[in-house]
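Below are the chains, spelled out letter by letter.
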Amino acid sequence: MTFPGADDFARPCVSSITSGGHRIVLLTADGVRVEAAHQPGPPPPGTGPRPPAVVLAHGFTGALDRPALRRAAEVFAQYTAVITFSFRGHGRSGGHSTVGDREVLDLAAAVGWARRLGYERVATVGFSMGGSVALRHGGLHLPGTGPEHEGRTGAHADMVVAVSAPARWFYRGTAPMRRLHWAVTRPAGRAVARWALRTRVHAAEWDPVPVPPVAAVPSIAPRRVLIVHGDRDPYFPLDHPRALAAAGDPASTELWIERGFGHAETAAPVPLLRRIARWVVEGQGVVEG
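Residues numbered from 1 in each chain as written. Predicted model: local features only at pLDDT ≥ 70, side-chain atom pairs only at ≥ 80, totals over all residues. Heavy atoms only, no water.

(A) Molecular detail of the packing of aromatic side chains. In this structure the tally under the stated criterion is 5 aromatic pairs. Consider the rings of Tyr-171 and Phe-236, whose centres lie 6.2 Å apart with planes at 45°: the pair is tilted. Residue Tyr-171 is located in the loop between strand 7 (159-163) and helix 4 (175-185), and its partner Phe-236 is located in the loop between strand 8 (224-230) and helix 7 (239-247); the two are separated by 65 residues in the primary sequence. Each member of the pair, Tyr-171 as well as Phe-236, carries the same accessibility label: buried. Site record: aromatic cluster; members linked through ring pairs are Trp-169, Phe-170 and Trp-206. The ring of Trp-256 has Arg-275 sitting right over it, with the charged end atom 4.4 Å from the ring centre. (Phe/Tyr/Trp six-rings, centres within 6.5 Å; stacked < 30°, edge-to-face > 60°. Helix = DSSP H or I, 4+ residues; strand = E, 2+ residues; numbered from the N terminus. Buried < 20%, exposed > 50% of the residue type's maximum accessible area, 1.4 Å probe, protein only. Lys NZ or Arg CZ within 6 Å of the ring centre and 35° of its normal.)

(B) Representation of the pattern of salt bridges within the structure. Under the defined criterion, the tally for this structure stands at 10 salt bridges. Its salt-bridge partner being Asp-30, residue Arg-88 comes within 2.8 Å of it at the nearest N-O pair. Taken together, the residues span a long stretch of sequence, with Arg-88 in the loop between strand 5 (82-85) and helix 2 (103-116) and Asp-30 in the loop between strand 2 (22-27) and strand 3 (33-39) at a distance of 58 residues. Take Arg-88: its relative accessible area is 3%, and that puts it in the buried class. Given the relative accessible area of 28%, Asp-30 is considered partly exposed. Salt-bridge contacts for Arg-88 lead to Asp-106; the nearest nitrogen and oxygen are separated by 2.7 Å. With Arg-88 in the loop between strand 5 and helix 2 and Asp-106 in helix 2, this pair connects stretches of sequence that are 18 residues apart. The exposure class assigned to Asp-106 is buried, which follows from its relative accessible area of 0%. (Salt bridge = Lys/Arg side-chain N within 4 Å of Asp/Glu carboxyl O.)

Here it is in structure tokens:
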């Protein structure tokens with residue numbers, strides 16, 4: 001495998017997902033090598049605009065080859081092209097996880113690759129940690145705001161979906177979140193995450209603390225935002241999705257509270273994934289003022 005240099009955002013590597021699909025290694029803006037894959041999806045329609053490519057962002061301890069993300073990718077690929085990748089510290093990507101901070105750069109690299117493949121519109125769909133990253137990426141990378149967001153990388157998303165995402169940082173109100181904080185803040189916890197969960201976590205604390213997802217949501221408008229959350233989510237109670245939806249522009253933000261749904265891509269039923277895929281494919285991306 002040949003890795004890209006600092007001036008090369010993507011270079012093919014030897015691997016194939018499905019017929020017509022391929023994997024590459026992306027280089028993020030801070031120099032982390034991130035493995036990504038492309039599935040072309042169905043042929044474009046004969047008339048009308050080409051549907052947006054979907055970039056899927058997995059949750060903490062997920063990865064490109066984990067069954068839950070592959071299942072989600074196969075569902076979305078029935079509707080449109082799909083980009084999947086492993087966040088830093090996960091799977092075969094390099095670096096260490098910062099649990100939602102610098103992962104925005106990983107998502108930006110994946111969105112930029114989608115545009116380099118020729119997709120004019122790109123939607124991001126994130127789960128749990130990936131949902132928080134998708135919201136922060138959507139609020140930080142704005143269309144037409146400078147060469148770091150446009151041009152070669154085209155790093156902005158045209159619409160954003162956050163599934164099972166937190167609204168704020170440092171939440172410890174549930175037992176799963178207390179266990180997660182132990183896994184990322186304690187040396188013993190990081191060792192367990194590395195060897196049992198195959199996730200490498202950075203030992204340094206956030207400095208500065210990144211903008212929380214709820215503060216990033218207002219900047220996404222007028223692009224469409226979909227917040228999806230389960231009423232049986234064991235990690236984040238319903239005040240999180242409600243806060244995210246309340247922070248968005250009412251004209252461009254939707255909230256789905258799903259009965260019986262648990263947490264993130266692992267628990268997402270296929271019918272829900274199909275509904276999200278149709279929302280992306282049928283949406284126009286921007287609500288006209």
